[in-house]
Amino acid sequence: MVSLRGWQSFPEQLPPFDPDTAPETPEELFLEWLTEAGEHVLAPHAVTLSTVDTDGFPDARVVILKDVAPSAWAIATSSESPKGHQLDANRHAALTFFWPARGRQVRVRGTVAPAAPEISAADFLARPPASRVEAFIGHQSEPLPDPAKLTEAADAAAQWVADNPDAAPKTWTRYLVTPTTVEFWQASHDRRHLRLRYLRDANTWTRERLWP
């Protein structure tokens, strides 16, 4: 049996963080942390997207953050995927960023809405060719009884994408998460972790410190 104790969680040197000097909006602070994380870790824009299914069970998976703006934080997926169905049925979601090499975590909770179709199409066409082929294969998360079927579907999708380079599937959707709360967590070796939460009030933000 593998012991789950004794493994190092964070590096000896952690980046400084003074909540009293944090910017007025969470987007500003997030972009500072994201840029800093990008100097030390792979895929700093990878984020755990948490949703709820129709039975009320939570579901989570890692996706890529596509954009950050004062109005919303963007991700993208097929509306026919499990997460797409869940986002369409329940317009609430959470995003969690974790950069252990920096001892930092960012938690976002908010409401979700699809972007305009032309925005979603532009998002799709900006994807690398292999990613576009993957989207056109479809059947995400469905059982795959015969791996040969995947090869056949991928070959057909690759040919279709090559023949239609400017086409985007109608199901491809850019989802916009409008945060209601954003929390920044900075690890401390003395366990007095620093936590700063932003709370949305209409179009303004208030900040509050949290106990570790």
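The structure reproduced in this document is the subject of the present report. (Residues numbered from 1 in each chain as written. Predicted model: local features only at pLDDT ≥ 70, side-chain atom pairs only at ≥ 80, totals over all residues. Heavy atoms only, no water.)

1. A word on the pairing of strand E9 (residues 204-210)
Argument step 1. Inspection of the sheet shows strand E8 (residues 194-201) paired to E9 by 7 bridges, in the antiparallel sense. Paired with Leu-196 across the strands is Arg-209, a residue of E9.
Argument step 2. Following E8, the chain reverses through 2 residues before pairing antiparallel with E9; Ala-202 in that reversal takes a positive phi of roughly 60°. (Pairing = 2+ DSSP bridges. Helix = DSSP H or I, 4+ residues; strand = E, 2+ residues; numbered from the N terminus.)

2. Here's the deal with the layout of surface pockets
Argument step 1. Within this model, the largest pocket holds a volume of roughly 550 Å³.
Argument step 2. In terms of lining residues, the largest pocket is bounded by 24 residues, among which Arg-127, Glu-134, Ala-135, Gln-140 and Trp-172 are the most central.
Argument step 3. Every element with two or more residues in the lining of the largest pocket is listed here: strand E2 (58-64), strand E4 (73-78) and helix H4 (129-137).
Argument step 4. Split by residue class, the lining of the largest pocket holds 10 nonpolar, 8 polar and 6 charged.
Argument step 5. Estimates place the volume of the second largest pocket at around 190 Å³.
Argument step 6. The wall of the second largest pocket is formed by Ile-137, Gly-138, His-139, Glu-142, Pro-143, Leu-144, Lys-149, Leu-150 and Ala-153.
Argument step 7. Across the lining of the second largest pocket, the residue classes break down as 5 nonpolar, 2 polar and 2 charged. (1 Å grid on protein atoms, 1.4 Å probe; cavity = no way out; pocket = protein on both sides within 12 Å on 5 of 7 lines; lining within 4 Å. Points joined across faces, edges and corners; volume = space filled by probe spheres on them. Nonpolar A, V, L, I, M, F, W, Y, C, P; charged D, E, K, R; others polar.)

3. Structural notes on the packing of aromatic side chains
Argument step 1. Taken as a whole and judged by the stated rule, the model has 13 aromatic pairs.
Argument step 2. Both rings, one in Phe-30 and one in Trp-99, keep their centres 6.2 Å apart while their planes meet at 35°; by these two values the pair is tilted. Taken together, the residues span a long stretch of sequence, with Phe-30 in helix H1 (residues 26-38) and Trp-99 in strand E5 (residues 92-99) at a distance of 69 residues.
Argument step 3. Each ring, one from Phe-97 and one from Trp-99, has its centre 6.0 Å from the other, and the planes form 40°; the classification is tilted.
Argument step 4. Trp-99 gets classed as buried once you look at its relative accessible area, which sits at 2%.
Argument step 5. Connected via pairs of aromatic rings, a cluster forms that spans Phe-17, Trp-33, Phe-184, Tyr-198 and Trp-205.
Argument step 6. One cation-aromatic arrangement involves Arg-104 over Trp-33; the distance from NZ or CZ to the ring centre is 4.1 Å. (Phe/Tyr/Trp six-rings, centres within 6.5 Å; stacked < 30°, edge-to-face > 60°. Buried < 20%, exposed > 50% of the residue type's maximum accessible area, 1.4 Å probe, protein only. Lys NZ or Arg CZ within 6 Å of the ring centre and 35° of its normal.)

4. Some details on a nonpolar patch on the surface
Argument step 1. Taken together, the side chains of Val-2, Leu-4 and Trp-7 present a nonpolar region at the surface, about 410 Å² in accessible area.
Argument step 2. As for its placement among the helices and strands, Val-2 is situated in the segment before H1.
Argument step 3. Accessibility expressed as a relative area gives 57% for Val-2, which makes it exposed. (Patch = residues over 30% accessible without salt bridge, like charges linked within 9 Å, V, L, I, M, F, W, Y side chains within 5 Å. Areas by Shrake-Rupley, 256 points an atom, 1.4 Å probe, with all protein chains shown as cover. Salt bridge = Lys/Arg side-chain N within 4 Å of Asp/Glu carboxyl O.)

5. Observations concerning the side chain of Gln-186
Argument step 1. Structurally, Gln-186 is set in strand E7 (residues 172-186).
Argument step 2. The class of Gln-186 is buried, set by a relative accessible area of 1%.
Argument step 3. From its side chain, Gln-186 meets the backbone oxygen of Arg-102 in a polar contact 3.4 Å long.
Argument step 4. In this structure the side chain of Gln-186 is engaged in a polar contact, spanning 2.5 Å, whose partner is the side chain of Arg-104.
Argument step 5. Discounting residues that sit within four places of it in the chain, Gln-186 has contacts with Leu-14, Pro-15, Phe-17, Trp-33, Arg-102, Gly-103, Arg-104, His-193 and Leu-194. (Polar contact = N/O pair within 3.5 Å; in protein donor to acceptor, adjacent residues only side chain to side chain. Contact = heavy atoms within 4.5 Å.)

These figures come from the coordinates and say nothing about function on their own.
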